[in-house]
Amino acid sequence: MERPYIICHMLTSLDGKIIGDYLEEERAAYFRNLYEKIHDRYGCKAWMCGRVTLEEHFTFGHQLDLTQDNIESIPRNDYVANKEAKGFAIAVDPSGKLGWTKNYITDDYGLGDHIIEVLTEQVSDAYLAHLQKLGISYIFGGKERINFTVVVKKLKDLFSIEEVMLEGGGFLNGSFLNEDLIDELSLILVPIADGASNSVTLFETSSFLNKPKPVNFFLQEVEKLDDGGLWMKYVTKRD
Ligand SMILES: NC(=O)c1ccc[n+]([C@@H]2O[C@H](COP(=O)([O-])OP(=O)(O)OC[C@H]3O[C@@H](n4cnc5c(N)ncnc54)[C@H](OP(=O)(O)O)[C@@H]3O)[C@@H](O)[C@H]2O)c1
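First, a word on what this report is: a plain description of the structure on this page.

## Digging into the site of the ligand
Okay, step 1: Lining the immediate environment of the ligand, one finds 25 residues, of which Arg51, Thr53, Glu56, Phe171 and Ser175 sit closest.
Okay, step 2: Leu11 is positioned with one of its backbone polar atoms (N or O) 2.8 Å from a nitrogen atom of the ligand.
Okay, step 3: Considering the ligand on its own, with 930 Å² of exposed area, one finds that the protein chains cover 86% of that surface.
Okay, step 4: In terms of residue count, the dominant contributor to the shell around the ligand is helix H2 (residues 51–59) (5 residues).
Okay, step 5: By residue class, the composition of the shell around the ligand is 14 nonpolar, 7 polar and 4 charged.

## Let's talk about H2
Okay, step 1: Within H2, the full set of buried residues consists of Thr53, Leu54, Glu55, Phe58 and Thr59.
Okay, step 2: Buried residues belonging to H2 abut strand S2 (46–50), strand S3 (88–92) and strand S4 (104–105).
Okay, step 3: Phe60 sits one or two residues past H2 and shows a positive phi near 50 degrees.

## A look at the side chain of Ser186
Okay, step 1: Counting through the fold element by element, Ser186 comes out in strand S8 (residues 184–189).
Okay, step 2: With relative accessibility at 0%, the residue Ser186 sits in the buried group.
Okay, step 3: Looking at Ser186, its side chain comes within polar contact range of the side chain of His9, at 2.8 Å.
Okay, step 4: Ignoring anything within four residues of it in the chain, the contact list for Ser186 reads Ile7, Cys8, His9, Met10, Ile38, Tyr42, Trp231 and Met232.

## Looking at the pairing of S2
Okay, step 1: Of all 5 residues in S2, 5 are buried; the element is thus mostly enclosed.
Okay, step 2: Across the two faces of S2 the burial is the same, with Ala46, Met48 and Gly50 and Trp47 and Cys49 all buried.
Okay, step 3: Pairing between S2 and S3: 5 bridges, direction parallel. Across the sheet, residue Met48 finds its bridge partner in S3, namely Ile90.
Okay, step 4: Pairing between S2 and strand S7 (residues 163–166): 3 bridges, direction parallel. Bridging across to S7, Ala46 finds its partner in Val164.

## Topic: the environment of Glu221
Okay, step 1: Note that Glu221 resides in strand S9 (residues 218–224).
Okay, step 2: Once the C-alpha coordinates of Glu221 and Gly43 are considered, the two residues, 178 residues apart in sequence, prove to be 18 Å apart.
Okay, step 3: With near-sequence residues (within four places) excluded, Glu221 lies in contact with Trp231, Met232 and Lys233.

## Some remarks on the packing of aromatic side chains
Okay, step 1: For the coordinates displayed, the defined rule picks out 8 aromatic pairs.
Okay, step 2: The interplanar angle of 40 degrees and the centroid separation of 4.8 Å between the aromatic rings of Phe148 and Phe176 together place this pair among those described as tilted. In this pair, Phe148 is assigned in helix H4 (residues 148–159) and Phe176 in helix H5 (residues 170–178), connecting sequence segments 28 residues apart.
Okay, step 3: On the accessibility criterion, Phe176 (0% relative accessible area) is buried.
Okay, step 4: Between Phe217 and Tyr234, the aromatic rings sit 6.4 Å apart at their centres with planes inclined by 80 degrees, giving edge-to-face as the arrangement. Of the two residues, Phe217 sits in the loop between S8 and S9 while Tyr234 sits in strand S10 (residues 230–235), which places them 17 residues apart along the sequence.
Okay, step 5: Take Tyr234: its relative accessible area is 21%, and that puts it in the partly exposed class.
Okay, step 6: Taken together, the ring pairs in this structure connect Tyr79, Tyr138 and Phe140 into an aromatic cluster.
Okay, step 7: When the ring centre of Trp231 is taken as reference, the NZ or CZ atom of Arg41 above it lies at 4.9 Å.

How each quantity is defined
Residues numbered from 1 in each chain as written. Predicted model: local features only at pLDDT ≥ 70, side-chain atom pairs only at ≥ 80, totals over all residues. Heavy atoms only, no water. Near = heavy atom within 4 Å. Polar contact = N/O pair within 3.5 Å; in protein donor to acceptor, adjacent residues only side chain to side chain. Areas by Shrake-Rupley, 256 points an atom, 1.4 Å probe, with all protein chains shown as cover. Helix = DSSP H or I, 4+ residues; strand = E, 2+ residues; numbered from the N terminus. Nonpolar A, V, L, I, M, F, W, Y, C, P; charged D, E, K, R; others polar. Buried < 20%, exposed > 50% of the residue type's maximum accessible area, 1.4 Å probe, protein only. Contact = heavy atoms within 4.5 Å. Pairing = 2+ DSSP bridges. Phe/Tyr/Trp six-rings, centres within 6.5 Å; stacked < 30°, edge-to-face > 60°. Lys NZ or Arg CZ within 6 Å of the ring centre and 35° of its normal.

Remember that the coordinates give geometry; whether it matters functionally is a separate question.
Printed below as a string of structure tokens:
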């Protein structure tokens, strides 16, 4: 394949919500923990999340102060700071909002994963200079909008990434679905209905994307979990 194999790994309520009060229920803790265990079981070298998810779980809304004079103009070329890392955390951050203070992520989600930012050319020179200073890699996905077909090909060509675990949120997943880039879905179904009508679901469509067309999935494996949950593995191509 010209691009990495892409596994979308997610946890939802019975009504397909990826966030909501159901996650605060006592029973949900077991499934959240299992989400991480199944992530580890796959053993993928690279995982990817959207800006909102990363801000919530990793940068905690930290804002950078990039108001410096005399920032030189930086050409919009991809920047590879480390292609030998044992793991990669890929951050979809079109306009450069994430307040990184180091070039890797260390915590339960993956020890020492080197950060690769996915940007549009609209990002500021000051943000690019900040990434270079920290030694964070970055790649461009387009002038104003991200083309993920281009992005995933670059991940393979520049970093030799053969598999990517796509881990939300719903808007990022929806963008991949829209470009037919999901090969596999690893879904943990939590036996709780959230009931809210306005929270994010597994696949959402950004206003600027084409009208989505339905995508077929084929069941390959199913595992009954404790306490009435399910883990399902679907693929998008029939065997
Ligand atoms: N249940 C689970 O398994 C699970 C897993 C992961 C995350 N989550 C939850 O999901 C929630 C966030 O989900 P979300 O869908 O709102 O946000 P998200 O997908 O994490 O991030 C969305 C942002 O990513 C960028 N982005 C995504 N698609 C893009 C595209 N096609 N082109 C350009 N930029 C794009 C945009 O950043 P800008 O706004 O900067 O332009 C967009 O606002 C969080 O609460 C998180 O905890 C749940």
